[in-house]
Amino acid sequence: MLMLDVKDVHKHFGQLHVLKGISLQLERGETGVLFGRSGSGKSTLLRCINYLESIDSGEIYVDSELVTPDRAKLRKLRANIGFVFQHFNLFPHLSILGNVTLGLKVVKKTPEDEAREIALKALEDVGLKEKAENYPEELSGGQQQRVAIARSIAMNPKMILFDEPTSALDPELIGEVLEVMKDLSQQGMTMLVVSHEMGFARETADKMFFLHNGKLVEEGPPSEIFRKPKTEECRRFIEAIL
Amino acid sequence: MGLRWEVPLKNLPYLLGGALLTLRLVGISVVFGIFLGIVGAMGRTSKNKLFHGIATAYVELFRNTPFLVQIYFAYFALPTFNIDLTPGQSALFVMILNTGAYMSEIIRAGIEAVHKSQVESGYSLGMSYLQVFRYVMLPLAMKAIAPPLGNQIISMTLSSCVISQISAEDLTFRAMMLENRTFRSFEIYIVTILIYFLLAEFLYLVIGYINRKVFGISAKQKLPTMI
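Right, let's walk through the structure included here. Numbering of residues begins from 1 in every chain and follows the order in which that chain's sequence is written. Here chains are named by letter from A upward and ligands by number from 1 upward, in the order in which they appear as written. Local features in a predicted model are, by the rule used here, given only for residues with pLDDT of at least 70; side-chain atom pairs are given and counted only at 80 or more, and totals for whole chains, interfaces and linings are based on all residues.

Here's the deal with the overall build of chain A
- Assigned secondary structure in chain A consists of nine helices and ten strands.
- For 242 residues, the compact-globule formula gives about 18 Å, and the C-alpha radius of gyration of chain A, at 18 Å, lands near that figure.
- Projected onto the principal axes, the alpha-carbon positions of chain A cover approximately 55 × 40 × 35 Å.
- Exposed residues have 12 or fewer other C-beta atoms within 10 Å of their own C-beta, buried residues have 20 or more, and residues in between are partly exposed; the C-beta atoms are placed from the backbone. Buried residues in chain A amount to 48% of all 242 residues.
- Sequence separation of 24 or more characterises 64% of the internal contacts of chain A that already satisfy a separation of 6 or more. Numbering of helices and strands runs from the N terminus, with a helix taken as a DSSP run of H or I at least four residues long and a strand as a DSSP run of E at least two residues long. Our radius of gyration looks at C-alpha atoms and nothing else; its globule reference is 2.2 Å times the residue count to the power 0.38. By the criterion used throughout, residues are in contact when their C-beta atoms, derived from the backbone, lie within 7 Å.

Here you go:
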């Protein structure tokens, strides 16, 4: 069953045509990896899926629900889609527990006790239960990103979008975050990940999407993409980053 | 010249009663002023043209006209429309509106300083604008602007002395009354200045305490280390 259906999406930033008719699909439980040069439109596409950016034309469906600017529908949609940012974007004024429970309490109206329980379970999943009472500034980058993932998991989303989740991390901290993501993927979470971590993609991705100048020029399972890329651009890009 | 300190000292309860009125007016204006300031700041940062326009007109009007004239207007001009306020009511009314306008600008600056990424984080969880404002923007803004907000409160306390001009019985008014009766200007105003000074110091302590307890400022916040 389709979880994500992106149909012919166009997006401009002023004169700049960033997305030139992108279409892609993810089945429930699949992990997709979006990659390509910076400026190719990967992050923009991801942000369009939960309408952090508007689109100019085309349609996006998440679990058969059309993504629209209608505020009430949008809030419901966003509560069902996790979003993990490059720079974690934790709330600095809240404890780790506060960060993970805020969405539950405010958006889902979960009672305090129950929210706490769900949050602690999510923190346990990312191996940070003992940090619940700490504040974001007291954690390493890798730990902060794991908290951000826990914040998404706690909402029990249908899908999680990852926008370059490890590119702001020191090299020695990348592994712990990828490990958590791999676990999530194996547990059947639908994930779309913008990343250049090719090791992760090879092991985890069901599908890979190569974006170039705002177009989806190649897609396929990692085995195909790595072994025999069809397009010259994709081949060169993979050679450059491997 | 023989100074007669017993004049202000004997009348200390009378003067302190005036200071108490000042303190009460300030207390009430702060509570309502912050509330108005939050609404004003929402308007100033709103994309809704009407809301933005009303908030801007309000803030500009009160920040760009003299406080004393605003007080005169409330006390002497409003009765034209059969709105009769006592001196104390007029003073309170204008102090709330005036301080609300200044706080709007301070809070707006705080909101604009909140990083877009934290706001997006809130939206991506499915929060509404009001929820993001309440749970993310406002607490972050308040923490950033707690010091200037405190200064605004002190500044309002001291400039509230102009309400004596419409015979609201604050500390300044009572000092003037006492002086008229006794002609001991020097002693009376020295004591009056001292009371204002202690009042301001007291408020600094209270504000500092609130900043530490509520916003965790200076207690937990790491200050940049100087090497």
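Following the structure, the description resumes.
Some words on the interface of chain A and chain B
- Contact residues are listed per partner, giving 17 residues for chain A and 16 residues for chain B.
- Secondary structure elements with two or more residues in the side of chain A that touches chain B: α2 (71–80) and α3 (96–106) of chain A.
- With four residues, the single largest contributor to the side of chain A that touches chain B is α2(A).
- Looking at side-chain class alone, the side of chain A that touches chain B contains nine nonpolar, five polar and three charged residues. Polar here means any residue other than Ala, Val, Leu, Ile, Met, Phe, Trp, Tyr, Cys and Pro, which are nonpolar, and Asp, Glu, Lys and Arg, which are charged; Gly is therefore polar.

Looking at the sheet that holds strand β2 (residues 16–27) of chain A
All names here are of chain A.
- Any two strands are treated as partners once DSSP identifies two or more bridges connecting them. Read from one edge to the other, the open sheet built from four strands follows the order β2-β1-β4-β5, with strand pairing classed as antiparallel. Two strands bound the open sheet, and with one partner strand each, they are β2 and β5 (65–66).
- The pairing of strand β4 (residues 57–62) with β5 spans two bridges and is antiparallel. Its bridge partner being in β5, Tyr61 is matched across the sheet by Leu66.
- Most of the contacts of helix α1 (residues 42–49) go to β2, to which it runs at about 65 degrees, and overall it touches β1 (2–13), β2 and β4. Simply put, an axis is a line fit to the C-alpha atoms, just over the touching stretch for a helix, and the angle between two N-to-C directions goes from 0 to 180 degrees.

Some points on the sheet that holds strand β9 (residues 207–212) of chain A
All names here are of chain A.
- Strand order in the open sheet formed by six strands is β6-β7-β8-β3-β9-β10, and the pairing between neighbours is mixed. Of all strands in the sheet, those bounded by a partner on one side alone are β6 (81–84) and β10 (215–220). This sheet shows a mean twist of 15 degrees between the axes of neighbouring strands, independent of strand direction.
- Note: strand β3 (residues 31–35) against strand β8 (residues 190–194), four bridges, orientation parallel. Each residue of the ladder has a partner; that of Leu34, found in β8, is Val194.

Quick word on the nonpolar core
- Here a nonpolar core is just a set of buried residues of the types Ala, Val, Leu, Ile, Met, Phe, Trp, Tyr and Cys, joined wherever their C-beta atoms sit within 7 Å. One finds A:Leu34 and A:Ala150 to be the most contacted residues of the largest nonpolar core, which totals 118 residues.
- At twelve residues, helix α7 (residues 129–159) of chain B tops the list of elements feeding residues into this core.
- If sequence neighbours within four positions are ignored, A:Ala150 has contacts with A:Val100, A:Ala122, A:Leu123, A:Asp125, A:Val126 and A:Leu128.

Notes on the packing of helix α2 (residues 12–44) of chain B against α7(B)
All names here are of chain B.
- Put simply, α2 and α7 touch, their axes get as near as 11 Å, and they point 140 degrees apart. Here α2 lies oblique to α7, going by the angle between them. Where α2 crosses over α7, the handedness of that crossing is right-handed. Across from Thr22, Val26, Ser29, Val30, Ile38 and Met42 in α2, the residues of α7 making contact are Phe133, Leu138, Ile153, Met156 and Thr157.
- Partitioning the contact of α2 with α7 into residue classes produces eight nonpolar, three polar and no charged. Angle categories: roughly parallel below 35 degrees, roughly antiparallel above 145, roughly perpendicular from 65 to 115, and oblique for all the rest. With the far helix as reference, a near helix turned anticlockwise by less than a right angle produces a left-handed crossing, and one turned clockwise produces a right-handed crossing.

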